[in-house]
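Tertiary structure, described
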Amino acid sequence: MATKQVYEVEIDRQKAAQAAGNYDLADLPGGLGKPVVGARIGKQPKQDKIIAGNVRSLAAVTKLYPGAAIAILGRPESRWAMAYSRRMGGNVTMTELLSYARQLIGMTPEGGLVVCLCGHAGQGDCIPLWAPKDEVSLTVQPNDLVLRFEDVVPSQE
């Protein structure tokens, strides 16, 4: 019987000078608006709000499992992803959409931790580079969306 690997991601909260305004999953194009679980970061931990999935806390949202990725999207990133999707007529891949995330971390199907360096900013092909890391963490600000997606990280073997 195989054991299920789980990695609890550390969250570093930063204070934002000014909240970026409210936006929701409906403001994200394609698959970005359909995470397995998601949360909006509040100014204080007790103000965090679960916006997708059947979990009760941010800690449950930020658990990594094999093949899963966690993306941090602020208001600017969501606008850029939406603009790119519109420009491409909605014909965009999940990898292209995830490339707009401020931070993208994951776990390979083999259980290795990775960070993704795949930004394309609409300037051509999006070729994700999943770089191995010994540990990963997330840096968030109020109103950021923390979204977890399954089956996003490819095998590194």
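All of these numbers come straight from a predicted model, not from anything done at the bench. (Residues numbered from 1 in each chain as written. Predicted model: local features only at pLDDT ≥ 70, side-chain atom pairs only at ≥ 80, totals over all residues. Heavy atoms only, no water.)

Once that is clear, we can look at the side chain of Arg-148. Within the secondary structure, Arg-148 is located in strand E11 (residues 145-149). The buried charged residue Arg-148 lacks any salt bridge partner; its closest oppositely charged side chain belongs to Glu-150, at an N-O distance of 5.2 Å. Of the polar contacts made by the side chain of Arg-148, one reaches the backbone oxygen of Val-61; its length is 3.2 Å. (Helix = DSSP H or I, 4+ residues; strand = E, 2+ residues; numbered from the N terminus. Buried < 20%, exposed > 50% of the residue type's maximum accessible area, 1.4 Å probe, protein only. Lys, Arg positive; Asp, Glu negative; His and termini not counted. Salt bridge = Lys/Arg side-chain N within 4 Å of Asp/Glu carboxyl O. Polar contact = N/O pair within 3.5 Å; in protein donor to acceptor, adjacent residues only side chain to side chain.)

Next up on the list: the sheet that holds strand E9 (residues 129-133). Within a beta sheet, neighbouring strands are joined by backbone hydrogen bonds and run either parallel or antiparallel to one another. Strand order in the open sheet formed by 7 strands is E4-E3-E11-E6-E7-E8-E9, with antiparallel pairing between adjacent strands. The open sheet has two free edges, formed respectively by strand E4 (49-52) and E9, since each of these has just one partner strand. Averaged over all neighbouring strand pairs, the angle between strand axes comes to 25 degrees, with direction disregarded. The pairing of strand E8 (residues 113-117) with E9 spans 5 bridges and is antiparallel. (Pairing = 2+ DSSP bridges. Axes fitted to C-alpha atoms, helices over the stretch in contact; angles between N-to-C directions.)

Here E11 lies mainly inside the structure; 5 of its 5 residues are buried. Side chains Leu-145, Leu-147 and Phe-149 of E11 all project onto a buried face; the interleaved residues Val-146 and Arg-148 project onto the opposite face, where all are buried too. Note that strand E3 (residues 37-40) and E11 share 4 bridges and pair antiparallel. Counterpart to Val-37 in the pairing with E11 is Arg-148. Relative to E11, strand E6 (residues 69-73) is paired through 5 bridges, and the arrangement is antiparallel. Within E11, the residue paired with Ala-69 across the bridge is Phe-149.

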